[in-house]
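An overview of the molecular structure
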Amino acid sequence: MMIFSRMYSKKGDFKKAYFYMDKYNVLKEKQYNEEHSKIERASGMLTFLDEYKRKISQIEQEKINQTNYLEQARMIGILFVVIFLVLLILIISIYKNYIFKKQSNRRLVIAYRKLNESNSKLTRALNLKSQFISTISHELRTPLYGVVGISDLLVMKHPELKKSHYIDSLKFSANYLLSLVNDVLQISNIENKKISLENASFNIFEIMNSISGTLNVLEKINCNEISFNIDKNIPKHLIGDKDRLSQIVINLLGNSLKFTKEGKITLTANLVNNEDGFSLIEFEVKDTGIGIAPENQTKIFDRFVQINESNDLYQGSGLGLSIVQKLIELFNSKIHLQSELGKGTSFKFSIKFKNGSAETFETPTIIVLDEIYSKLKVLIVEDNKINQLVTKKILEKLNYKCHIVEAGIEALEILKTITFDLILMDINMPGMNGFETTIKIRQNNITTPIIALTAFSKHEIEQEALNSGMNAVVIKPYKKSELYSIISELTHKKNAD
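Residues numbered from 1 in each chain as written. Predicted model: local features only at pLDDT ≥ 70, side-chain atom pairs only at ≥ 80, totals over all residues. Heavy atoms only, no water.

The subject of this paragraph is the overall build of the protein chain. Scanning the protein chain from terminus to terminus reveals 12 helices and 12 strands. Going through the 497 residues of the protein chain one by one, you find that 37% of them count as buried. Excluding contacts between residues fewer than 6 apart, the proportion of contacts in the protein chain whose partners are at least 24 apart in sequence is 71%. With an accessible surface of roughly 31100 Å², the protein chain has 56% of that area assigned to carbon and sulfur atoms. (Helix = DSSP H or I, 4+ residues; strand = E, 2+ residues; numbered from the N terminus. Buried < 20%, exposed > 50% of the residue type's maximum accessible area, 1.4 Å probe, protein only. Contact = heavy atoms within 4.5 Å. Areas by Shrake-Rupley, 256 points an atom, 1.4 Å probe, with all protein chains shown as cover.)

Here it is as C-alpha cells:
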C-alpha cells in the first residue's frame with residue numbers, strides 16, 4: 001500500500017496516494033495490534049508458566065518439608081519406643097530389685113532372729129559354763145580345804161609325821177588338785193575378761209625366794225636342780241601385779257620341771273633399762289628337758305593341748321602355758337619360745353614395772369600374839385563339819401576362843417547375847433547366805449570385824465562382800481599366815497578405834 005501511495009504521489013494523484021496511505025496506516029495499525037496482542041498473549045503465558053512453576057516449586061518444598069516432618073515424626077516415634085522400652089526395662093528391674101531386696105530383707109530378718117537366738121543360747125551357755133566352773137571350783141575347794149587342813153592338823157598333833165613322805169605326798173596332791181582347779185577357773189575368768197592387773201609395791205627378790213620355796217617338792221620328783229639368777233641392779237621396790245607375775249613364773253618353772261628329768265632349770269631376771277621411773281625386766285626360764293618339735297611350738301599355748309599324749313609321764317591339764325600367755329598379754333607383752341628336741345626349752349618375756357620407793361613398799365603385817373590378842377573370841381559361821389573342825393583348830397593354835405554356828409539365823413541369835421572380837425563367815429550356806437547374814441548383822445549396829453571365809457573365787461564375791469559390810473575376804477584353802485595377818489590387822493584397827 002505504501003508503494004501505491006508513493007506511486008500515485010509521484011503521478012500527482014494525491015487523492016489516490018492518500019487513499020492508499022490511509023489503507024496502509026489501517027493495515028499497519030491492525031498488524032501492530034495483532035502483533036501487540038500476540039506479545040501480550042505470549043507475555044501472559046509466561047506469567048502463567050512462572051506462576052505454575054512457582055506453585056510446583058512450592059508443592060515440591062511442601063513435599064520435602066512434609067517428608068522431613070514425617071522423618072522426624074518417625075525418629076521421634078522410634079525414640080519414644082526406645083525410651084519406653086528402656087523405662088519398661090528399668091521399671092521391671094526396679095521391681096525385681098525391690099522383690100529381691102524384700103526377700104533379702106526377709107531372709108536377713110530371719111537370719112538376724114536366728115543369730116539373736118543363737119547369741120542368746122551362746123550367752124546362756126557361756127553363763128552356764130561360768131556358773132558351772134565357779135560352782136565346781138567352789139565344791140572342789142571345800143573338800144580340798146579339809147584335806148589340806150586335816151593334814152596340817154595331823155602334823156600338829158603328831159610332830160613325828162612332819163617329815164613323813166606320805167604327808168608330803170598328801171599335801172602335794174591336794175595342792176596339785178587345787179592348782180588344777182585354779183587353772184580352770186583362771187582360764188575361764190581370762191576368757192570372760194574378768195581379770196585385771198593390780199598395782200601394789202613388792203620386792204622382786206622376796207617374790208623369787210618365795211617361789212623357790214614353793215617348788216621344793218616338785219623339784220625333787222624328777223631329781224632336777226633349780227637356780228635363780230636375779231640381776232642385782234633391779235630396783236628393790238617395784239609397783240605392779242606381783243601375784244600375776246608369780247603365777248607366770250611358777251607355771252613356767254612347773255612346766256620345765258615336769259618335762260625335765262635329772263636336769264637343770266634356770267630362772268634369769270635381767271634389768272634391760274631403767275628410764276622415766278620404769279624398769280623393763282626380761283625374764284627367762286630355761287631348761288635342759290625333752291624340748292619341743294618345731295611343728296608343735298605354736299600348739300603348746302592352746303588350751304587343753306598335750307603334745308606327748310602317749311607318755312603318761314608328761315600328762316597334765318594343758319592349761320599352764322595358755323594361762324601364761326594370756327597373763328603376759330595383760331602386761332602388754334609377748335612370750336618368746338626357743339626349743340630343740342632333746343636339748344631343752346627357753347621361754348622369754350619382758351615386763352615393765354613402775355619404780356617404787358621405801359615409802360610405797362608395803363611391809364608384811366606383823367602378827368602380834370600377846371596376851372590380849374591370844375584371848376580373842378571368834379564366831380565361826382560354817383555349815384561344813386570338816387571345815388568347822390579345821391578352822392577351829394587353826395585358830396585354837398593361837399589360843400583364840402572359838403564358837404561355831406552352822407547357819408546365819410543362829411549367828412544372829414547368838415550375837416544378841418554374846419559379843420565377839422571377830423566373825424569368820426562362810427558365804428554358801430543354806431537358808432540365809434553369808435551376805436544376807438552380814439547385812440542383818442550390820443543393821444543391828446554390830447561393828448565386829450567380819451572376814452568372808454569362802455571357797456568362791458575372790459573376784460566373784462569381793463565387791464558384794466564389801467558392799468554387804470564384810471571387812472575382808474579369804475579364799476579356802478588359804479595360808480595360815482595370810483589369815484593370821486588379816487585377823488591381826490582387823491583386830492588391831494578395831495582396838496585402835
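Now for a nonpolar patch on the surface. On the surface, Leu79, Ile83, Leu87, Leu90, Ile91 and Ile94 cluster together into a nonpolar patch covering about 560 Å² of accessible area. Checked against the element boundaries, Ile94 lands in helix 2 (residues 14-157). (Patch = residues over 30% accessible without salt bridge, like charges linked within 9 Å, V, L, I, M, F, W, Y side chains within 5 Å. Salt bridge = Lys/Arg side-chain N within 4 Å of Asp/Glu carboxyl O.)

In this model, the protein chain carries an average pLDDT of 80, and 81% of its residues clear a pLDDT of 70 or more. The element-level mean pLDDT for the protein chain is lowest in helix 3 (residues 165-191), coming to 68, with strand 5 (residues 278-287) highest at 93. Scored below 50 in pLDDT, residues 309-316 shows 13 contacts in the model against residues more than four places distant or in partner chains. Confidence drops under pLDDT 50 across residues 363-373; counting only partners more than four residues distant or on other chains, this segment forms 16 contacts. (pLDDT = per-residue confidence, 0-100.)

With that out of the way, let us pick up the environment of Ile414. Relative to the helices and strands, Ile414 is located in helix 9 (residues 408-414). Sequence separation between Ile414 and Leu379 is 35 residues, and the spatial gap between their C-alpha atoms is 9.2 Å.

All told, the structure shown has six salt bridges when counted by the stated rule. For Glu71, the salt bridge identified is with Arg74, shortest N-O distance 2.6 Å. Separated by three residues within a single helix, Glu71 and Arg74 lie in helix 2, roughly one turn from each other. Taking relative accessible area as the criterion, Glu71 reaches 38% and is therefore assigned partly exposed. By relative accessible area, which is 44% here, Arg74 ends up partly exposed. The closest approach of N and O atoms between Asp241 and Arg244, which form a salt bridge, is 3.8 Å. Across the pair, Arg244 and Asp241 agree in class, each one buried.

Turning our attention to helix 11 (residues 458-468). Within helix 11 the residues assigned to the buried category are Ile461, Ala465 and Ser468. Buried residues along helix 11 cover an arc of 60° about the axis, so they all sit on one side. Set apart from the buried face of helix 11 by more than 90 degrees, the exposed residues are Gln463 and Asn467. Looking at the buried residues of helix 11, the elements they touch are helix 10 (434-443), strand 11 (450-454) and strand 12 (472-475). Looking one or two residues past helix 11, Gly469 carries a phi angle of roughly 120°, positive in sign. (Arc of directions from axis to C-beta.)

This part is about the pairing of strand 11. Most of strand 11 is tucked away: five of the five residues are buried. Along strand 11, one buried face is formed by Ile450, Ala452 and Thr454 and the opposite face, lined by Ile451 and Leu453, is buried too. As judged from the three bridges shared by strand 10 (residues 422-425) and strand 11, these two strands associate in the parallel manner. Along strand 11, the bridge assignment pairs Met425 with Ala452. (Pairing = 2+ DSSP bridges.)

This brings us to the nonpolar core. Ranked by internal contacts, the top residues of the largest apolar core, which has 37 residues, are Leu252, Phe283 and Phe353. The set of elements that each furnish at least two residues to this core consists of helix 4 (204-214), strand 2 (225-230), helix 6 (242-258), strand 4 (264-275), strand 5, helix 7 (320-330) and strand 7 (344-355). Broken down by element, the residue count for this core peaks at six residues, all from helix 6. Judged by nonpolar contacts, the second largest core, of 24 residues, contains Leu412, Phe420, Met470 and Val473. (Core = buried A, V, L, I, M, F, W, Y, C linked by side-chain atoms within 4.5 Å.)

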